[in-house]
Amino acid sequence: MKFIGKYLGIFLLFSGLWIEDAKSWGFFAHQQINKMAVFCLPVEMFGFYKTNIEYLSTHAVDPDKRRYLVPGEDIKHYIDIDHYERALPFDTLPSQYQEAIAKFSKDTLLSYGIVPWNIQWVLRKLSDAFARHEVDKVLKLSAELGHYVGDAHVPLHSTENYNGQLTGQHGIHGFFESRLPELFFDSYTFFVGKAIYLNNPLQSAWSAVSGSYYYVPLVFAAEKMVQKATPENQKYAYEQKNNMPIKVYSRKISNDYHAQLNGLVEQRMQASVLAVASFWYTAWVDAGQPDISNWQVNITPVFMEDSLQNSTEKKGLGREE
Ligand SMILES: [Zn+2]
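The rules behind the values
Residues numbered from 1 in each chain as written. Predicted model: local features only at pLDDT ≥ 70, side-chain atom pairs only at ≥ 80, totals over all residues. Heavy atoms only, no water. Helix = DSSP H or I, 4+ residues; strand = E, 2+ residues; numbered from the N terminus. Expected span 1.5 Å × (residues − 1). Buried < 20%, exposed > 50% of the residue type's maximum accessible area, 1.4 Å probe, protein only. Contact = heavy atoms within 4.5 Å. Core = buried A, V, L, I, M, F, W, Y, C linked by side-chain atoms within 4.5 Å. Phe/Tyr/Trp six-rings, centres within 6.5 Å; stacked < 30°, edge-to-face > 60°. Lys NZ or Arg CZ within 6 Å of the ring centre and 35° of its normal.

Asker: Honestly, helix α9 (residues 115–131) in this entry has me stumped. Any pointers?
Answerer: At 3.6 residues per turn, the α-helix brings residues three or four places apart onto the same side. If you check α9, its first and last C-alpha atoms are 24 Å apart, about what 17 residues at 1.5 Å a residue would give, namely 24 Å. Among the residues of α9, V115, P116, W117, N118, I119, Q120, V122, L123, L126, S127, A129 and F130 are the ones counted as buried. On its buried face, α9 sits against α3 (43–51), α7 (97–104), α8 (106–112), α10 (135–152), α12 (201–214) and α15 (264–286). In the segment just after α9, H133 is the residue with positive phi, at about 55°.

Quick look at the structure:
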């Protein structure tokens, strides 16, 4: 199946039917979220994070770059909560990892995604790095924690029907979280307030997921409506990206979808920004609020960057979007 998917992609590319592939929140949105989260930090953290804002933004997408290359990475980005129950899944699936394993088995959890627990684990690693004054690690983990927290705020990261494949709405994933933020970001505002300390970070991660899941019906209904209302020849357009013509959703259908969503993309991005800053802040407080004002970064911008950048081909390790 995955083998077929790869060659289907090549076929679609050359047949002109290719539509730009989706990465969680889209690279653009992830980078903006990490960047803006810096401005929500308290003064004790702001200087260090502001100095390294380009790093935090650039590396906001590292987890997606290795998503299809590193076994076990893919499931860290989502949770198909409706696999467990459609109506009230948050009562059905225990919020604690060990309890969830006891009830549904580890295999099941690993099959349907673990984003809330992964956020909890990365938060702990970040806090440990703060406590040990591991400057480079703090930066790397901050960038990546921002990514996973952002993903938890995307409605399509909370459902088995993550790309509309179960309802004939293939492509909705990238439409919602890549195309719309790229087109409408400039009209959004981000006065989201200051980072807050999270007394129960796991619960906060779950709140992000349940907030996302709440909007799943709207995300699908609105897309269905605009697809129906738009003539076939007005649905797509071609735009140049990296010197290649890429098939994208047209401005018209994007405008209509965005309007039907009634501010949802902006709202989920705003919530992501505040949450990312709050998770960073919580890690720092839990580490005893070390003085980071004079921390110097020695980081070499590697992290498999080169090899990953050159390899956009999926290796069949994650699900197709
Ligand atoms: Zn992701």
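Asker: How do you make sense of the nonpolar core when you look at a structure like this?
Answerer: Proteins that are soluble and globular tend to have nonpolar side chains buried together. One finds Y49, W117, F130, F176, Y257 and W280 to be the most contacted residues of the largest nonpolar core, which totals 86 residues. Here this core gets 12 residues from one element, more than from any other, and that element is α15.

Asker: Whenever I open this one, the environment of C40 confuses me. Can you help?
Answerer: Following the sequence through the fold, C40 ends up in the loop between α2 (26–37) and α3. Classification of C40 as buried rests on a relative accessible area of 4%. C-alpha of C40 to C-alpha of I196: the two residues are 156 residues apart in sequence and 9.2 Å apart in space. If sequence neighbours within four positions are ignored, C40 has contacts with V192, G193, K194, A195, V273 and A277.

Asker: Could you clarify how one ought to interpret the packing of aromatic side chains in this entry?
Answerer: Two numbers describe a pair of aromatic rings. These are the distance of the centres and the angle of the planes. As enumerated under the stated definition, the model contains 21 aromatic pairs in all. Clustering of aromatic rings is evident, with ring pairs tying together F90, Y97, W117, W121, W206 and Y213. In this arrangement the basic side chain of K247 is found over the ring face of Y236, its NZ or CZ atom lying 4.3 Å from the centre.

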